[in-house]
Amino acid sequence: MQANISQIKALRRWIIGAAILTLLFGGAYLIAVPQTQAATQQPIPFNHEIMVQEGITCEFCHTEARRSEAAGMPSVQKCMGCHKYIATNTPAIGLLWGYWQRQEPIPWVRVNKLPRFVYFSHEVHVTAAGIACETCHGDVGHMQEDVQVVTMNMGWCLSCHEKQPNAPQLKDCVVCHQ
């Protein structure tokens, strides 16, 4: 009887140890392995590659990137400024015209997301530091569909700040966590 109890206790310790190791390795995997997402279904198919081939810069459409925290999404009015005259007979522009006529904003689905408790300023990174959009968003100019190319987490931000010689070292949590 005594042998059975000690065997059961040993088995229980082994199971608990195995569970703890599984959780540790699983958590380390989730943190260490880059997590990216597949293309998000957008209300209007949008090919950034065509825009770049026409010489249109990121900031032409995402006008807030140089002067605010968020890069912003172009308004229907901004899109229609060109598409009243350019590529007017394509199916995608037909969808754009629908939003324009209904006076509705386009319900774009965010591709790159940060947690709500993280403060990030596009203005500081784009204007003050001169960081190109591609550094964080990938080569969007060669994407037919926008996809998230990096996991924008704390480790990723810290590694970038460590690599850049003039970047401030993020030692005070409230710089990013507000």
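Placed above this text is the structure.
**Q** Can you help me understand the packing of aromatic side chains in this one?
**A** In this description, an aromatic ring pair is defined by two values, namely the gap between the centres and the angle between the planes. Under the counting rule described, the total for this entry stands at 1 aromatic pair. Seen from their ring centres, F46 and W108 are 6.2 Å apart, and the 80 degrees between their planes marks the pair as edge-to-face. You can see F46 sitting in the loop between α1 (2–32) and α2 (48–53) and its partner W108 sitting in the loop between α5 (91–102) and α6 (122–128), a full 62 residues away along the chain. Owing to a relative accessible area of 30%, F46 belongs among the partly exposed residues under this scheme. The ring of F60 carries the charged tip of K78 above its face, separated from the ring centre by 4.2 Å. A cation sits over an aromatic face here: R102 above Y99, 4.9 Å from the ring centre.

**Q** In this structure, what is going on with the pattern of salt bridges? I would like to understand it.
**A** Taken as a whole, this structure holds 3 salt bridges when the rule is applied. A salt bridge links E59 to R66; the nearest nitrogen and oxygen atoms lie 3.8 Å apart. Of the charged contacts in the structure, one is a salt bridge between E64 and R67, with a shortest N-O distance of 3.2 Å. Note on R67: relative accessible area 54%, which makes it exposed.

**Q** Is there a simple way to think about the nonpolar core in this case?
**A** In globular proteins that are soluble, nonpolar side chains generally tend to be buried together. Formed by I44, V76, C79, M80, A92, I93, L96, Y99, I106 and W108, the largest nonpolar core amounts to 10 residues. Those elements that provide at least two residues to this core are α4 (76–83) and α5. By residue number, the principal contributor to this core is α5, which donates 4 residues. Apart from residues no more than four positions distant in its own chain, A92 is found in contact with I44 and P45.

**Q** Is there a simple way to explain α4 in this structure?
**A** In an α-helix, one turn spans 3.6 residues, which is why side chains three or four residues apart end up on the same side. Looking at α4, one finds that the buried residues are V76, C79, M80 and H83. With its buried residues spanning 95 degrees around the axis, α4 presents them on a single face. If you follow the buried residues of α4, they end up packed against α5.

Rules of the game
Residues numbered from 1 in each chain as written. Predicted model: local features only at pLDDT ≥ 70, side-chain atom pairs only at ≥ 80, totals over all residues. Heavy atoms only, no water. Phe/Tyr/Trp six-rings, centres within 6.5 Å; stacked < 30°, edge-to-face > 60°. Helix = DSSP H or I, 4+ residues; strand = E, 2+ residues; numbered from the N terminus. Buried < 20%, exposed > 50% of the residue type's maximum accessible area, 1.4 Å probe, protein only. Lys NZ or Arg CZ within 6 Å of the ring centre and 35° of its normal. Salt bridge = Lys/Arg side-chain N within 4 Å of Asp/Glu carboxyl O. Core = buried A, V, L, I, M, F, W, Y, C linked by side-chain atoms within 4.5 Å. Contact = heavy atoms within 4.5 Å. Arc of directions from axis to C-beta.

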